[in-house]
Amino acid sequence: MNAVKILGVSGSPRKGGNTEILLDNFLKGAESAGAETKKVLLREYSIEPCIGCEACRKAGTCTRFHDGMELLYPEIEEAQGLILGSPTYNYNVTAPMKAFIDRLYPYYNFTDERPGPYSSKLGDQGRKALVFTVCEQVIPEEMGFTLEALGMPLEALGYEVVEKFLATKCFAKGAVSKNEALLEKAFESGKKLAEALR
Ligand SMILES: Cc1cc2nc3c(=O)[nH]c(=O)nc-3n(C[C@H](O)[C@H](O)[C@H](O)COP(=O)(O)O)c2cc1C
């Protein structure tokens with residue numbers, strides 16, 4: 001049997017930060033359940049923000065930019081599982097993560113009706129996702145919309161979001177590595193995602 005593939009994507013601009021550390025633990029957990037994983041750090045890719053030219057409606061792919069997304073589209077398509085993580089920046093995802101999410105627009109099938117129904121080229125394939133965020137503050141309100149901003153677009157694209165994981169009280173670079181319980185929780189969540197995809 002082929003191993004389940006899981007792609008983990010970090011939207012943190014900070015090298016070695018909390019998002020990356022947590023992502024490593026989600027992926028280790030997924031690997032412990034037999035998944036094949038790949039880690040993508042968006043800070044290492046050049047990704048232009050979508051400019052709304054709508055050319056992808058006809059072309060089915062982005063014809064405007066030839067950038068890092070050309071490397072990532074095949075990875076997204078190949079992976080049954082997706083882990084998206086972003087630090088909370090001003091109650092929301094970071095700019096690189098927003099650019100990445102908006103550039104998933106070519107995966108929609110659109111009609112000419114306005115407003116029209118849409119479907120997803122990634123839909124009805126049993127794809128599953130886990131989304132997570134890291135933030136400084138304690139109460140969930142200070143995290144704002146980050147988990148929804150990560151999860152809702154994936155649901156629209158046909159993923160079942162099996163978990164929305166929140167790590168509060170993480171400010172300094174690498175602070176999360178002192179929280180063994182949280183790292184263990186991330187490991188278990190990654191394992192569960194892989195098991196759900198089997
Ligand atoms: C520009 C900016 C905006 C931030 N906004 C928030 C916020 O709205 N709420 C919060 O709790 N923490 C906020 N933080 C703190 C980060 O979420 C926190 O430091 C996190 O651990 C960074 O993750 P990283 O190490 O993976 O980059 C902000 C940090 C920066 C740099």
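What follows covers the overall build of the protein. Each helix and strand in the protein was counted, giving six helices and seven strands. Across the protein, helices and strands are ordered from the amino to the carboxyl terminus as β-α-β-α-α-β-α-β-β-β-α-β-α. The C-alpha atoms of the protein give 16 Å as radius of gyration, which agrees with the globular expectation for 198 residues (16 Å, within 12%). Reported as C-alpha extents along the three principal axes, the dimensions of the protein are approximately 50 × 45 × 30 Å.

Between arginine 114 and proline 115 the backbone carries a cis peptide bond, its omega angle lying at -20 degrees. Checked against the element boundaries, proline 115 lands in the loop between β4 (108–110) and β5 (118–120). Not every positive phi belongs to a glycine, and tyrosine 91 is a case in point at roughly 70 degrees. Inspection of the secondary structure assignment puts tyrosine 91 in the loop between β3 (81–87) and α4 (95–102). Of note, the phi angle at lysine 169 is positive, near 60 degrees, even though the residue is not glycine. With respect to the element layout, lysine 169 can be found in the loop between β7 (160–167) and α6 (180–197).

With seven bridges joining them, strand β6 (residues 128–134) and β7 adopt parallel strand pairing. Paired with threonine 133 across the two strands is leucine 166, which belongs to β7. The handedness of the β6 to β7 crossover, carried by helix α5 (residues 146–156), is right-handed.

Around the ligand, the structure places 20 residues, and the nearest of them are Gly17, Thr19, Pro87, Cys135 and Gln137. Tallied by class, residues from the shell around the ligand come to eight nonpolar, eight polar and four charged.

Further remarks concern the nonpolar core. In this structure, Ile6, Leu22 and Ile83 are the most contacted members of the largest nonpolar core, which totals 50 residues. Those elements that provide at least two residues to this core are β1 (5–10), α1 (18–32), β3, α4, β6, α5 and α6. The dominant element in this core, judged by the number of residues it contributes, is α6, at seven residues. Discounting chain neighbours no more than four positions away, the residues touching leucine 22 are Gly85, Phe132, Val134, Ala167, Val176 and Ala186.

The interhelical angle for the contact between α1 and α6, taken along N-to-C directions, is 45 degrees, at an axis separation of 6 Å. Considering their axes alone, α1 and α6 lie oblique with respect to each other. In terms of crossing hand, the pair formed by α1 and α6 is right-handed. Contacts between α1 and α6 involve Leu22, Asn25, Phe26, Leu27, Lys28, Gly29, Ala30 and Ser32 on the former and, on the latter, Leu183, Ala186, Phe187, Glu188, Ser189, Gly190, Lys191, Leu193 and Ala194. Broken down by class, the residue content of the contact of α1 with α6 amounts to nine nonpolar, five polar and three charged.

Calculation notes
Residues numbered from 1 in each chain as written. Predicted model: local features only at pLDDT ≥ 70, side-chain atom pairs only at ≥ 80, totals over all residues. Helix = DSSP H or I, 4+ residues; strand = E, 2+ residues; numbered from the N terminus. Rg over C-alpha atoms; globule rule 2.2 N^0.38 Å. Pairing = 2+ DSSP bridges. Right-handed = clockwise from strand over helix to strand, strands pointing away. Near = placed C-beta within 6 Å. Nonpolar A, V, L, I, M, F, W, Y, C, P; charged D, E, K, R; others polar. Core = buried A, V, L, I, M, F, W, Y, C linked by C-beta atoms within 7 Å. Buried ≥ 20, exposed ≤ 12 C-beta atoms within 10 Å, placed from the backbone. Contact = placed C-beta atoms within 7 Å. Axes fitted to C-alpha atoms, helices over the stretch in contact; angles between N-to-C directions. Parallel < 35°, antiparallel > 145°, perpendicular 65-115°, else oblique. Left-handed = near helix turned anticlockwise from the far one by under 90°.

All we've got here are geometric facts, nothing functional implied.
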